[in-house]
Amino acid sequence: MKKLLLLLVCTFFCAVSFADDIDLKRRPPVDTGGNKAPALYPSASYDNGSVTIYAPYYIDSMTVVIADVNEDDIYTVQLGGFIGQQSIVLPDIVDEDKYSIYLYFNGICLYGLF
(Lines give C-alpha, C1' and ligand atoms only; values in the text may rest on other atoms or scores of the structure.)
Protein backbone atom coordinates (compact mmCIF):
# COMPACT_ATOMS: atom_id res chain seq x y z
CA MET A 1 0.00 0.00 0.00
CA LYS A 2 2.86 2.39 0.84
CA LYS A 3 4.48 1.74 -2.53
CA LEU A 4 1.24 2.54 -4.34
CA LEU A 5 0.79 5.74 -2.36
CA LEU A 6 4.40 6.76 -3.04
CA LEU A 7 3.94 6.03 -6.76
CA LEU A 8 0.78 8.19 -6.90
CA VAL A 9 2.45 11.10 -5.08
CA CYS A 10 5.51 10.95 -7.37
CA THR A 11 3.29 10.84 -10.46
CA PHE A 12 1.35 13.87 -9.25
CA PHE A 13 4.52 15.92 -8.62
CA CYS A 14 5.96 14.96 -12.00
CA ALA A 15 2.79 16.08 -13.75
CA VAL A 16 2.74 19.55 -12.15
CA SER A 17 6.46 20.30 -12.25
CA PHE A 18 6.87 21.02 -15.96
CA ALA A 19 8.18 24.50 -16.80
CA ASP A 20 6.53 26.81 -19.30
CA ASP A 21 8.56 27.17 -22.50
CA ILE A 22 9.27 30.66 -23.79
CA ASP A 23 8.95 30.92 -27.55
CA LEU A 24 12.12 32.79 -28.59
CA LYS A 25 12.34 34.62 -31.92
CA ARG A 26 15.36 36.14 -33.61
CA ARG A 27 15.38 39.87 -34.01
CA PRO A 28 15.42 40.76 -36.90
CA PRO A 29 14.27 37.62 -38.75
CA VAL A 30 16.76 36.14 -41.18
CA ASP A 31 15.84 34.83 -44.65
CA THR A 32 17.29 31.32 -44.94
CA GLY A 33 16.62 31.07 -48.68
CA GLY A 34 14.26 28.13 -48.17
CA ASN A 35 16.88 25.40 -48.77
CA LYS A 36 18.84 25.51 -45.54
CA ALA A 37 18.22 23.73 -42.27
CA PRO A 38 17.04 25.95 -39.43
CA ALA A 39 19.80 27.27 -37.19
CA LEU A 40 20.19 25.91 -33.68
CA TYR A 41 19.54 28.64 -31.14
CA PRO A 42 19.32 28.60 -27.37
CA SER A 43 15.88 28.21 -25.81
CA ALA A 44 14.43 29.33 -22.51
CA SER A 45 11.76 28.25 -20.06
CA TYR A 46 10.20 29.86 -17.00
CA ASP A 47 9.14 28.06 -13.82
CA ASN A 48 8.19 29.64 -10.49
CA GLY A 49 10.53 32.62 -10.51
CA SER A 50 13.37 30.86 -12.31
CA VAL A 51 14.41 31.23 -15.95
CA THR A 52 16.40 28.37 -17.46
CA ILE A 53 18.45 28.92 -20.62
CA TYR A 54 19.27 25.84 -22.72
CA ALA A 55 22.26 26.16 -25.06
CA PRO A 56 22.80 23.43 -27.70
CA TYR A 57 26.45 24.51 -28.06
CA TYR A 58 29.10 26.42 -26.08
CA ILE A 59 28.31 30.11 -25.65
CA ASP A 60 31.20 32.33 -24.57
CA SER A 61 29.15 35.14 -23.10
CA MET A 62 25.42 35.89 -22.98
CA THR A 63 23.52 38.86 -21.63
CA VAL A 64 20.00 38.10 -20.43
CA VAL A 65 17.64 41.07 -20.07
CA ILE A 66 14.17 40.91 -18.50
CA ALA A 67 11.92 43.81 -19.53
CA ASP A 68 8.50 45.04 -18.47
CA VAL A 69 5.48 45.85 -20.67
CA ASN A 70 7.00 49.22 -21.68
CA GLU A 71 10.21 47.44 -22.79
CA ASP A 72 12.14 49.06 -19.94
CA ASP A 73 14.94 46.84 -18.65
CA ILE A 74 14.12 45.72 -15.12
CA TYR A 75 16.77 43.00 -14.67
CA THR A 76 20.02 42.21 -16.49
CA VAL A 77 22.46 39.36 -15.88
CA GLN A 78 25.69 38.40 -17.67
CA LEU A 79 26.32 34.65 -18.10
CA GLY A 80 29.85 33.38 -18.62
CA GLY A 81 30.78 30.47 -20.91
CA PHE A 82 28.36 27.57 -20.65
CA ILE A 83 26.83 24.70 -22.57
CA GLY A 84 23.66 22.84 -21.66
CA GLN A 85 21.46 24.64 -19.18
CA GLN A 86 21.94 27.66 -16.96
CA SER A 87 19.32 28.79 -14.42
CA ILE A 88 18.65 32.33 -13.25
CA VAL A 89 16.54 32.96 -10.14
CA LEU A 90 14.60 36.21 -10.53
CA PRO A 91 14.21 38.56 -7.54
CA ASP A 92 10.61 38.87 -6.30
CA ILE A 93 10.14 42.42 -7.62
CA VAL A 94 11.28 41.37 -11.10
CA ASP A 95 9.15 38.23 -11.02
CA GLU A 96 5.99 40.35 -10.55
CA ASP A 97 6.61 42.84 -13.40
CA LYS A 98 8.32 40.66 -16.01
CA TYR A 99 7.01 40.64 -19.56
CA SER A 100 9.73 39.82 -22.07
CA ILE A 101 13.19 38.28 -22.21
CA TYR A 102 16.09 39.19 -24.50
CA LEU A 103 19.15 36.99 -25.03
CA TYR A 104 22.21 38.71 -26.53
CA PHE A 105 25.16 36.55 -27.66
CA ASN A 106 27.61 36.42 -30.60
CA GLY A 107 25.94 39.42 -32.25
CA ILE A 108 22.51 37.72 -32.15
CA CYS A 109 19.44 38.92 -30.26
CA LEU A 110 16.67 36.46 -29.37
CA TYR A 111 13.50 37.60 -27.61
CA GLY A 112 10.38 36.03 -26.16
CA LEU A 113 7.32 36.90 -24.11
CA PHE A 114 6.33 35.44 -20.73
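Refer to the structure above for everything that follows.
Residues numbered from 1 in each chain as written. Predicted model: local features only at pLDDT ≥ 70, side-chain atom pairs only at ≥ 80, totals over all residues. Heavy atoms only, no water.

(A) Main features of the packing of aromatic side chains. All told, the structure shown has 2 aromatic pairs when counted by the stated rule. Measuring from centroid to centroid gives 6.3 Å for Y102 and Y104, while their planes differ by 10 degrees, and the two rings are stacked. One aromatic cluster in this structure is built from Y102, Y104 and Y111. (Phe/Tyr/Trp six-rings, centres within 6.5 Å; stacked < 30°, edge-to-face > 60°.)

(B) Up close: the pairing of strand β6 (residues 100–105). In terms of burial, β6 is a largely internal element, 5 of the 6 residues being buried. Two strands pair when backbone bridges link them, and β6 and strand β7 (residues 108–113) are joined in this way by 6 bridges, in the antiparallel orientation. When the bridges of β7 are listed, Y104 appears paired with C109. Adjacent in sequence and paired antiparallel, β6 and β7 are bridged by 2 residues, among which N106 carries a positive phi angle near 45 degrees. (Buried < 20%, exposed > 50% of the residue type's maximum accessible area, 1.4 Å probe, protein only. Helix = DSSP H or I, 4+ residues; strand = E, 2+ residues; numbered from the N terminus. Pairing = 2+ DSSP bridges.)

(C) Expanded view of the pairing of strand β5 (residues 73–89). As paired elements, strand β4 (residues 50–67) and β5 share 14 bridges and run antiparallel to each other. Residue pairing in the sheet places I59 in a bridge with F82 of β5. Hairpin geometry of β4 and β5 is characterised by an intervening segment of 5 residues between the two adjacent antiparallel strands and by a positive phi of about 65 degrees at E71.

(D) Just the nonpolar core, in detail. If you look at the biggest cluster of nonpolar residues, it comprises 22 residues, and the most contacted ones within it are I53, M62, V64, L79, I101 and L103. At the level of secondary structure, the elements contributing two or more residues to this core comprise β3 (43–47), β4, β5, β6 and β7. When residues of this core are assigned to their parent elements, the largest contribution, 7 residues, is made by β4. (Core = buried A, V, L, I, M, F, W, Y, C linked by side-chain atoms within 4.5 Å.)

(E) A look at the environment of Y57. As for its placement among the helices and strands, Y57 is situated in strand β4. Those residues in contact with Y57 that sit more than four places away from it in its chain are L40, Y41, P42, F82, I83 and F105. For Y57, the side chain forms a polar contact with the main-chain oxygen of L40, separated by 3.3 Å. (Contact = heavy atoms within 4.5 Å. Polar contact = N/O pair within 3.5 Å; in protein donor to acceptor, adjacent residues only side chain to side chain.)

(F) Summary view of unusual backbone geometry. Phi is positive for N48, which is not a glycine, with a value near 45 degrees. Assignment of secondary structure puts N48 in the loop between β3 and β4. Judged by its relative accessible area of 74%, N48 falls in the exposed class. The phi torsion at N106 lies on the positive side, around 45 degrees, for a residue other than glycine. Its location among the elements puts N106 in the loop between β6 and β7.

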